[in-house]
Every structure is written in structure tokens, then in C-alpha cells.
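Single-letter residue listing:
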Amino acid sequence: MSTVEQNRQSGGQAAVATVSEMAPQAGGRVASAVLEIHDMTVAYHRRPVLWDVDLTIEQPSLVGIIGPNGAGKSTLIKAVLGLVPLASGSVKIFGQEAHRQRRVVGYVPQRESVDWDFPVSVLDVVLMGTYGRLGWFRRPRRADRDWALECLRHVGLADLARRQIGQLSGGQQQRTFLARALAQRAEVYFMDEPMAGVDAATERVIFSLLRELRDAGKTVLVVHHDLRTVPTYFDQVVLLNMRLVASGPTSQIFNNENLRKTYGGRLDILEAAGQAVASQRRSV
Amino acid sequence: MKGIDLFSDGGQALWTISIAAAASLPCALLGCYLLLRRMSLLGDALSHAVLPGVVIGFWISGSTSSGWIFAAAVVVGLLTAVLIQLLHSVGGVTEDASLGVVFTSMFALGVVMLVKVGPRVDLDVDCVLYGLIESVWLDTQPMLGYEVPRALMSVVGVLMLSLAFIGLFWKELKLVSFDPRLATSMGYPATLVHYLLMGMVALAVVAGFYAVGSVLVIAMLIVPAATGHLLSDRLVGTMGWAAATAIASSILGYFGDLRFETGMAPMMAVVAGAGFTLALLLAPRHGLGSRAFHRFRLALRIVAEDVVAALYRTSETDSAELGLAWRSCLAAGGGGLLARLAVHVLFWRGEIGWVADRRVQLTATGRERAESLVRAHRLWEAYLGENFDLPLDHLHEPAERVEHYLGPALQEQLASELRRADLDPHGKVIPGSKLS
Amino acid sequence: MIPYNTAIVLTGTSLLGATSGLIGTFALLRRRALLGDTLAHAALPGLCLGFLLWHQRSLPVMLGGALATGVAGIGVVSGLRRFTRIKDDAALGIVLSLFFGAGLALLKFIQRHPVGDSPAGLDHYIFGSAAGMIASDVKLIGTIAVTGLLAILLLYKEFRMVSFDAAFARVQGWPASFLDFLIMLLVSVTVIVALPAAGVVLTAAQLVLPAVAARFWTDSLGVMLFLAASFGAVIGATGTLISAGGGVPTGPMIVLAGTALVAVAMLFAPRRGLLARTIADGRARRRIDEQNLLLAIDAPDPTSGGAAVTFDALAARLTQPVGRLRQSLRAAQRAGWLRRVNADSWRLTETGVSRAAAVTRARCLWRLFLTEYPESASLFNDLDVERIDEVLPSEIVAKLEEASHNSAPSHEEKAAP
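It should be emphasised that the depicted structure is a prediction, and the values quoted were computed from it without experimental measurement.

Visitor: So what exactly am I meant to see when it comes to the overall build of chain A here?
Guide: Of the regular secondary structure elements, chain A holds twelve helices and ten strands. Across chain A, every contact between residues at least 6 apart in sequence was considered, and the portion connecting residues at least 24 apart equals 68%.

Here's what the structure looks like:
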């Protein structure tokens, strides 16, 4: 507890401090993987959304979750976070039940899932990222505020801190959500389409931020739509279509055969995938 | 003297207004959360549905102001919220229909109970419509040496409880209202907070019942909150305006009733409605009036800019000395009333002046503005020309639209990305470049 | 023999109920259930204004006023929704409460400043009173009922299209917004005509309740319309009779009769009812548990050598509450799939082995199906894997079977890379 307090006092450097503080909790048992999903089934009135998914992310990395619409990508994230009930199966984060690990988990929901007319400032939203560590009834202090501002600065929105969130552009809103996730000081981030509906420049900013997180030893799982950018963005991919089709390093897993198993024989998809795979070859 | 007015009739005015204000404040404050969570209709449903609870409370206690009423109403209110949820999720009925089924049923039950047991406890159907405000101030109890209405003490109790609830759960309520999923993922279960809120709303609704009756409670739950939402972009501000609207409704509602004899409860709703309408028209950012005004100003600016740009282009030709005819000026602004107004504004601001013979020319200040505009226009043409394969005659139109929105910073960025930032694709000099 | 007056009133309320049920079905399907509520509340000031301006209780004038302010209220709702940051639900609530407040103010004003006809009984419009209904009222209701029925008969196909998928109807070239407007018009007129009997506050319930109750019993629009109309007539008549006998307002009694119908439907309707669903869900859950149990026992386990399995081993393999596991163990034993070897371990019987094989086959085929036909993944819509032969065409199953024989032995299940 006292170390946490100290971290708050130290404001800007807190992120670094927290990471090292987290290390014993996270890596204490060296063997435990970042994320272990075992036999996960999620069903809506017996209709399976995810069926028998087994997935292990061993090392901190940047992971893309790929699959057609309705394949259960968002549901996978929500199930891990405890937002939808499991019909069966278990989820472990750093070797412990997921609901015990809320403090090491960060979440970026889809942008449309909130009301942007809500009367809060950009800084307020980012500050919400610190609520998880505060616990019931405790108010954010000055140090939390500074930390939130620091996170905002990191995504380049410090100037807009006092704005009402509805006045931001789509890309800025997405960056606000990322800043909020940073403010959570998590070890594992789950992001639901953080690049949906943003312009190319913002997408680059977001991607470099994700890479930065990965380089700092965090794990980032991203639901992603654009097949063409998969090989350049992600170290690992998870191909999902109700069940896990394949998962592993992008260079081994992201190929036509697996994409066909995920998306089926639809021509346009296959073409897009073909391009993606070709560009991957070129870059290798 | 006003003071005497307030305290005449044994303090009727003072007590009535205080009870009304204290009763409607919890509704207004908690209503903000309902509004922001898009659950206003759940508030509507709850306000109708607690009626059986209120009647049961009266029936048990035999008094118009007792804790039983609040307890029974909270139980019935939570039951309603659960039933609506059940009918929706288990019964598969759409959300609005399940709301409609549950609250009309509960309300009908309440009315029937009222008609059956009401006469025994001095409660009639009019209370449902007009509240108890016109009678409760008479039932007093000594407190600190004063005769204070019992009802005031109950509603102030609810007000305190609501304030404590909001203060204590400020962070949690804000988080759950804005992003329930994040809240749940952080370990603040959204469902728990939701039902806590519903319990508090049920309490507030009963308090509101004293002031405005059970149908018009909805006016106090939604209208002040909506007024606040139009007037402020912060949660505290929203609540502040909502509270102000509720208090103003109580005061003006009382005096309005004295004047027009419409009943205080309906008058409070009417006053709240008037407040909402005012906010709707005049709110600084989200009001219809100010939005229309901004749109008008933008239109005026665009027309004025078109005029100065036309004047600038004339000044580049051989007939520069002559300026532009008044008529052509208006035509450059698209003609009509707006163009006339825009030209007058330009004169008034000293950006254009007469040359002679109803001909007009740019002044020095006007020239500065025109240069920036034409620079924006030609830079954009140049940018389009360099980066997209567009025929020359397709460049003007997009530039004409974009020129009004390119500030100095964007202009510099464009210039830095261009291979030639001094000539546009038509071969005209870009103002502000080294050629000019 | 029923007295003439009672017969008139009963005819009126049941006709009204039937019409409301009929029109309410479309209101429900178009998700306009609460719009009717707002409309009814917003009609009150119109009723009062009609009286105030005409100085007498002329039903057509008052209903005309009601329709005018009611429709104006709906107009304000859509204006707020379109031009301000006020959302749908709040807009409905704002209009409902403010118009109703204004109406109440006018009502009280009229009662305190009487002009022309006595305003007594004007407040009956709030909770509804059917007792005063006369033959001409019934004729009016009858006209509306016939008009509504005719409109529905003539435009049945079009209305159905718009109710289920307005966007699709528009794409198909139907004048969807016009049809929508027609439906809304029918709803408005029905609400207004129902006001005197059902009351401002509870008219909307007459639209919603019969339709909701009918929805539980059927999936077909035609049957639903018929049921909703019958339910409406029944609750209208029942409510009136009870109200006349017990000295309570008609509106609430009609609503409570409707509530009873909805409750019965929700509990006892054959497929969608709570009882039927609980039984079906329980059965399906037990079956799925049983399948998982058989799979877990059948799964090769190096420590037990494929023989008897202990309770703890099963609990470890199946991530479900221990109580549920005990339950499914008992059930499987009763059904003869399992034999208890000793206090703590079980073994599959002959039939158990073959059933386990069947489950394993179904599961493998589904797995294969999901990778072979990923675009049709939604066909896999029940955790009960053994339904594969019902769900998939037999030639597809045959193909899958062939593929599974070619690919590998059936136990290389967890082949995730």
C-alpha cells in the first residue's frame, strides 16, 4: 500500500515504478503465462458465441484478434474481463483467476459503447482509469490527477484536457480512451477495435503507442478488422470464428489456409488475405 | 412587505415552498443520472409504479408522513425495476413494452387500492394527480421550539439521504453512468450500483409525491435534469442547473397557483417546462437559438470572405484602380439580404471603402484578410493539383469550399508539403509567398 | 337479459379493446408502445382546450383538440430528438410530463372558473369511465374499428413488411415512411377514441397489454392480430363488468384484467412461456451436462489408464459447480450410461461407451464443420452437439464424416496449434 502511495507522489515516474512493483506479483511464478483460457464456452440462450476456446499467451506481446463479424472477438474480451458469464471453462491471468487480477488488466471498449454527450471533461475520463486502484469511496488525489495529465500528454491531448469529450474528433476520442487505459497502469490490455473509424494518421499514432506498451513489457490484445495491416502490426495473431482456428506468431499462423478456415471461401476476403500474405512475404 | 407575505396564514407560503423544494430536489439530482444513463423512462415507470407502495404505507401507518410509506415504496420500486428486467430478459418482451406492461399494471393496482382503502386514510385519487402539497403543511409537530410540518421533516430526510448518496458514491456513479463495462471490469459491479440508484430514485419519487403527486413526479425527474444537460458540460454544472430549476419551479409554482388557481403541482410542471424551453432556446452551446446564431454568423463570414476575395482578385487585374462595382460586390456574395448585410458589416469594420461612383475597394486591413483567404484557396488548389490527378477546371470548386476553414497553421503545413508554394496550378501567384 | 345501457357500454368497451389490440400489435412491433403513452398524456390539454373554447362537452370537439395536442406532442418529441442533444427516452418523458402538467393546470382552472356546461366529469377522462357511454359513442368506436380492420386487411402485406424490417421495406421500394405514418395515424386515432373509457393515464396499456400477451402464444402475425383483438375485447368487457360492480374506475380495471392475461401468458404459454421454457432449458442443460460428462469420462487420461474415473478427476476436467456434477453423475447412472465402481469412482457401461462415441463423433463433426464452412458458423446454434443430424443436411454430414475419416483418428481433438 505504502509503495503505491509513494508512486502516486512521484507522479510522472509512477508508471515505471509500478511496473517494477508489479513484477513480483506478475512474474513471481515464472512459469505462469500472461493469459490462459481453458475450454471457454460462452453461450447466449444455449446458442454458442464462443465454443471450446483454448488459448495461451505465454510472453508479453502485441496480439491481434482476427475473425469475421459475429465470430465472438468482442465476446472473448468481455468474457475474460468478466463482463459476460462463461457457460464453462476458466480464465487465468498470470496464473490466477481473472477476477482476482482486475488491477493488472486494462480495457478499451468500443468507442460507440459510451455516450459522448456525457458531461465530463477529457481529463475526467482519463482519471477514470485510476478508479480501479482507488477502490470504493476513495477520491482521486492530486497525484492521480497529475498522472492522468501525464497519460494525456503521452497521447498528445494535454491541451484539450478541459474540453467536454463530445467536442473531440473521432480519433481524439479514441486517443482519450487509450490515455485512460494507460492511466490504469495495467500489465495486460484488452482493446476492442481501437482503430475502427479513425484516420490513417491517428491509426499510426495508436499503433506506435501499442508497440511502445509492448516494448515496456506489457501484453496488448487488440480486436482488429483490417486484414491488410495485420502482418505489420502484430507479433501474434489469434484467428477466431466461434472456436479458435489458430493462434501463434503472425509469420507462422497468418496464412491463406488458416484465413480460409476462419472466413470461409468468400472471394473478397480471400483476395484481401492474399494481398496481406504477399505483403508479409515482401517485408520478410 | 414580502416577509409578512411568507409568514402569513401560519407560514403557509414558506412551509409549502420549502416542502415542495425539498421534495423535488432529490428528484432533480437523481434524475440527472437517469437522463445520462438513458433511463428516463425507467424513472417514469418507477414514478407511476410506487403508487401501490405509497398506498400500502398509508394503510399501515394511517398517516400522510411516516417512514412506512418510504419503506413500502422502496420495496415496490425495486420490485418494479426487477420485474421490468425479468419480463425483458426472461420473457423476451422488448424493453419499452415490458416497461409499459409493468408500470401501467402497478399504477392501475395502485389506483384500485387507493379507491378501496383511500377513504379510510383520507387519501383520494386527487392526491395522485396533484400531490399532497396543499394539505401536508397543516400537519405539524414541534421541533426546536417551532411547529414544523411533519412532511417537511420526511422530505428533508430524503434530501439529506440523496445528497449523502451522491456525495459518497460520486466517483462510482459517474463511472458506472459513463462506462458501465469499464466499471464492471474494474470491480465496481454496474448492476449493484444500478439497483442502489433505483432504490434511491424510489425514495425520491415518494418525496416528490408530496409535492407534485405521482404522475407529475416524472416532470421533476426528467425536466430539470434535461435543462441542466442543455446548460452545462460538467456533471456538477448539470446538477446545479437541475437543482436551480427545481427550486425555481417550487417558488414560481406556488405564486403561479395563487394567481391562476391551477393547482400548485401542475403549475410547477408548467414552470419547469418554461425553464426547459428557455434553456432550449438560449443555452450557450446546445440551445437552438445560439446554434442558429452561430450558423448565421458562419454564413455571414463566408459571404463576407467571398466578397473580399472577389475584391482581391479584381485588384490583381489591370482595372485595379477602379475597384469593384457595388452590384458586383453583392453578386460575389451570392446576392440577397445576406450579401447586403455582409457588405455593410465589411464597411462598418473598415475592411472595404468607397473609391468613387458606387465602386468599392479593399482597405489595408481588408487586404490582409483577403490575402490570407486567397492564399488558402490557391494553396488548396495547388495541393489538389499536385496530389490528385484532377483536371484544372475541377480545382476551383473544392477550394472555394475549403478556403474558409484553413487557418494559418494548416496553411503553413500545406505550403511545406508542396513542391511549388508560390504559384497555383492556374499560374496565379499565391499571396504571402516569395513571389508576391 | 342484460339491461340496454349495460349492453351498450359492454359493446363499446369490447369493441374498443379489440381495436386497441389490433392496432397495438403494430405499435408493439414497431417499438412504438410508449409513444402511445406519450400521445395519450399529451392529449389532455387538447381535451381541456376543446372544452374551454367550445364551452360545452361536445365529444367530437374535445377529441379533435386531444388529437391536435397529442400529435403536436409527438412532433415535439421528434423535434427534440433530431435537433437537440436530448435523447429519445428523455424526449418522450419531457413531452409526456409537461403536456400532462399543462393539461392538469387547465383542468383545475376550468373547475375553478366554470363557464358554459358544468365541467363535472371532465376529470373522468384521466382514469376513464365507461358508464356514461351512449349509442353514438359506440357508433364512433365502431367506425374506427371497421376502418382499422379494413386498413389492416387491405395493407396486411405492406404493414407486415414495415413492422418487421422497415429498412428492408424501403430498399424494396415500398413507401415505408408513408406506411409508417399510416400506422402511427391509426395508433393516434385509436388512443384518442379510447380516452373517455380508458383514461389518459392508462390508455397506452390497452394498446400494449393484449399485444404483449398475444406475442407469447404465437410467432405468426395473422394469429397474433386475431389473438390480440380477442384479448382486447375480453379485457375490455371484463374490466367494465368488474368496474361497474365494484365502484372503481374502468381504466385501471381493464389494465388489471390485461395484466392477468399477460401473467398467464408469460407463465403458461407453450413455447415462450416461463414454465415451458424452464422445463425445456433444464432438460437441455442436463443433456449438455450429460454430454460433457460422457466426454470427460471417455477422454483418455494417462493416470487412470482409461478405466474407472474418480470424482475429483472429473471435477478437475469439468469446470462446473460440484453440485451440478453430482447431479449429472446421478442422472447418467440412472440412465444406465455409468456404473459405480466404488464409493468414489465410475466407469462407462456398454451403452455408455457407444453413447460417448456418438457424442464424440458429433463434436468432431461440428469442429470440422466450423473450419470447413466458417461462413455458415451460425448454423451451429445449440450447445447440444448431438442435434447435428437435425440441423445440417444429410449430405453435408456425410461429407464431414468422410473428411473426418480421412484426416485423423477421432481423439486428436485439441489440435490447436
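Visitor: How do you make sense of the nonpolar core when you look at a structure like this?
Guide: It is characteristic of soluble globular proteins that their nonpolar side chains tend to be buried jointly. In this structure, Val126(A), Ile19(B), Ala73(B), Val205(B), Val206(B), Tyr210(B) and Val208(C) are the most contacted members of the largest nonpolar core, which totals 313 residues. The element contributing the most residues to this core is helix H11 (residues 190–231) of chain B, with 29 residues. When sequence neighbours within four positions are dropped, the list of residues in contact with Ile19(B) reads Ile133(B), Val136(B), Trp137(B), Pro149(B), Ala151(B), Leu152(B), Val155(B), Tyr210(B) and Ala211(B). Val343(B), Leu346(B), Ala376(B) and Ala421(B) belong to the second-largest nonpolar core, a separate cluster that totals 29 residues.

Visitor: I tried to follow the interface of chain C and chain B on my own but got confused; where do I start?
Guide: Interface extent is often summarised as the accessible area lost during association of the parts. Of the residues lining the interface, 46 residues belong to chain C; the matching set on chain B comes to 46 residues. Looking at the side of chain C that touches chain B, the elements with two or more residues in it are helix H2 (33–54), helix H4 (88–112), helix H5 (124–127), helix H10 (203–217) and helix H12 (250–268) of chain C. With 16 residues, the single largest contributor to the side of chain C that touches chain B is H4(C).

Visitor: Can you walk me through the confidence of the model for chain A in this structure?
Guide: Per-residue confidence for chain A gives a mean pLDDT of 81, with 82% of residues at or over 70. Across residues 1–29 of chain A, confidence stays below pLDDT 50; counting only partners more than four residues off in sequence or on other chains, it has 26 contacts.

Visitor: Please clarify how the sheet that holds strand E2 (residues 338–342) of chain C should be interpreted in this entry.
Guide: Pairing between the strands of a sheet is mediated by backbone hydrogen bonds and can be parallel or antiparallel. All names here are of chain C. In spatial order, the strands read E1-E3-E2; together these three strands make up an open sheet with antiparallel pairing. At either margin of the open sheet sits one strand with a lone partner, and together these are strand E1 (309–310) and E2. Pairing analysis gives two bridges linking E1 to strand E3 (residues 345–348), with the strands arranged antiparallel. Bridging across to E3, Thr310 finds its partner in Ser345.

Visitor: Any chance you could explain the sheet that holds strand E3 (residues 324–325) of chain B here in plain terms?
Guide: Residue and element names in this part refer to chain B. One open sheet holds the three strands; their spatial order is E3-E5-E4, and the pairing between them is antiparallel. At either end of the open sheet lies a strand with only one pairing partner, and these are E3 and strand E4 (352–354). Pairing between E4 and strand E5 (residues 359–362): three bridges, direction antiparallel. Bridged to Gly353 within E5 is Gln361. Its contacts with the sheet put helix H14 (residues 288–316) on E3, E4 and E5, and the angle it makes with E5 is roughly 90 degrees.

Visitor: Just to check I follow, could you spell out the pairing of strand E4 (residues 88–93) of chain A for this structure?
Guide: A regular strand places its side chains so that they alternate between the two faces of the sheet. All names here are of chain A. Side chains Gly89, Val91 and Ile93 project from E4 onto a buried face, and the interleaved Ser88, Ser90 and Lys92 project onto a face without burial. Strand direction decides the pairing type here: strand E1 (residues 35–44) and E4, joined by five bridges, are antiparallel. For Leu35, the partnering residue across the bridge sits in E4 and is Ile93. The loop that links E4 with its antiparallel partner strand E5 (residues 96–97) comprises two residues; one of these, Phe94, has a positive phi angle of about 45 degrees.

Visitor: Looking at this model, I keep getting lost on the interface of chain A and chain C. Mind explaining?
Guide: Each side of the interface is counted separately: chain A has 26 residues, and chain C has 19 residues. Secondary-structure elements contributing two or more residues to the side of chain A that touches chain C are E1, strand E2 (47–57), E4, strand E10 (243–249) and helix H11 (256–263) of chain A. The dominant element in the side of chain A that touches chain C, judged by the number of residues it contributes, is E10(A), at six residues. A breakdown of the residues in the side of chain A that touches chain C according to their chemical character gives nine nonpolar, nine polar and eight charged.

Visitor: So what exactly am I meant to see when it comes to the environment of Ile247(B) here?
Guide: Mapped onto the elements, Ile247(B) comes out in helix H12 (residues 235–260). A C-alpha to C-alpha distance of 9.5 Å links Ile247(B) and Ala28(B), two positions 219 residues apart in sequence.

Visitor: Mind showing me how you'd approach the packing of helix H5 (residues 95–117) of chain B against H2(C) here?
Guide: Relative orientation and spacing of two packed helices are given, respectively, by the angle between their axes and the distance between those axes. Contact pair H5(B) / H2(C): the axes reach a minimum separation of 7 Å and the direction vectors enclose 50 degrees. Put simply, H5(B) runs oblique to H2(C). Packed against H5(B), whose contacting residues are Asp96(B), Ala97(B), Leu99(B) and Gly100(B), the element H2(C) presents Ala33(C), Leu34(C) and Asp37(C) at the interface. When grouped by side-chain class, the residues that make up the contact of H5(B) with H2(C) number four nonpolar, one polar and two charged.

Visitor: How should I be thinking about helix H15 (residues 322–335) of chain C in this particular structure?
Guide: All names here are of chain C. The first and last C-alpha atoms of H15 sit 20 Å apart over 14 residues, in line with the 20 Å expected at 1.5 Å per residue. Among the residues of H15, those classed as buried are Ser328, Leu329 and Ala332. Down the axis of H15, the buried side of the element spans an arc of 110 degrees, and every buried residue falls inside it. The exposed residues of H15 that point more than 90 degrees off its buried face are Gly323, Arg326, Arg330 and Arg334. Packing partners of the buried residues in H15 comprise helix H13 (274–298), E2 and E3. Downstream of H15 by one or two residues, Gly336 has phi in the positive range, about 90 degrees.

Visitor: Looking at this structure, how should I read the environment of Leu83(A)?
Guide: Examined against the element boundaries, Leu83(A) turns out to sit in the loop between helix H3 (73–80) and E4. Apart from the residues lying within four places of it in its own chain, the contact partners of Leu83(A) are Lys78(A), Arg181(B), Thr184(B) and Ser185(B).

Visitor: Would you explain unusual backbone geometry in this entry?
Guide: Residue and element names in this part refer to chain A. Even without a glycine there, the phi angle at His45 is positive, about 50 degrees. Considering the arrangement of structural elements, one finds His45 in the loop between E1 and E2. A positive phi angle is found at Phe137, which is not glycine, with a value near 70 degrees. Positionally, Phe137 belongs in the loop between helix H5 (131–134) and helix H6 (142–154). Phe137 sits in the exposed class, given 10 other C-beta atoms within 10 Å.

Visitor: Which parts of the structure should I look at to understand the confidence of the model for chain B?
Guide: Interpretation of the predicted coordinates at a detailed level should be avoided for regions scoring low in pLDDT. All names here are of chain B. For chain B, per-residue confidence averages 85 on the pLDDT scale, and 95% of positions sit at 70 or higher. The spread of mean pLDDT over the elements of chain B runs between strand E1 (residues 140–143), the lowest at 76, and helix H9 (residues 170–178), the highest at 94. Scoring the predicted complex yields pTM 0.85 and, for the interface, ipTM 0.85.

What counts, and where the lines are drawn
Residues numbered from 1 in each chain as written. Chains lettered and ligands numbered in written order. Predicted model: local features only at pLDDT ≥ 70, side-chain atom pairs only at ≥ 80, totals over all residues. Helix = DSSP H or I, 4+ residues; strand = E, 2+ residues; numbered from the N terminus. Contact = placed C-beta atoms within 7 Å. Core = buried A, V, L, I, M, F, W, Y, C linked by C-beta atoms within 7 Å. Buried ≥ 20, exposed ≤ 12 C-beta atoms within 10 Å, placed from the backbone. pLDDT = per-residue confidence, 0-100. Pairing = 2+ DSSP bridges. Axes fitted to C-alpha atoms, helices over the stretch in contact; angles between N-to-C directions. Nonpolar A, V, L, I, M, F, W, Y, C, P; charged D, E, K, R; others polar. Parallel < 35°, antiparallel > 145°, perpendicular 65-115°, else oblique. Expected span 1.5 Å × (residues − 1). Arc of directions from axis to C-beta.

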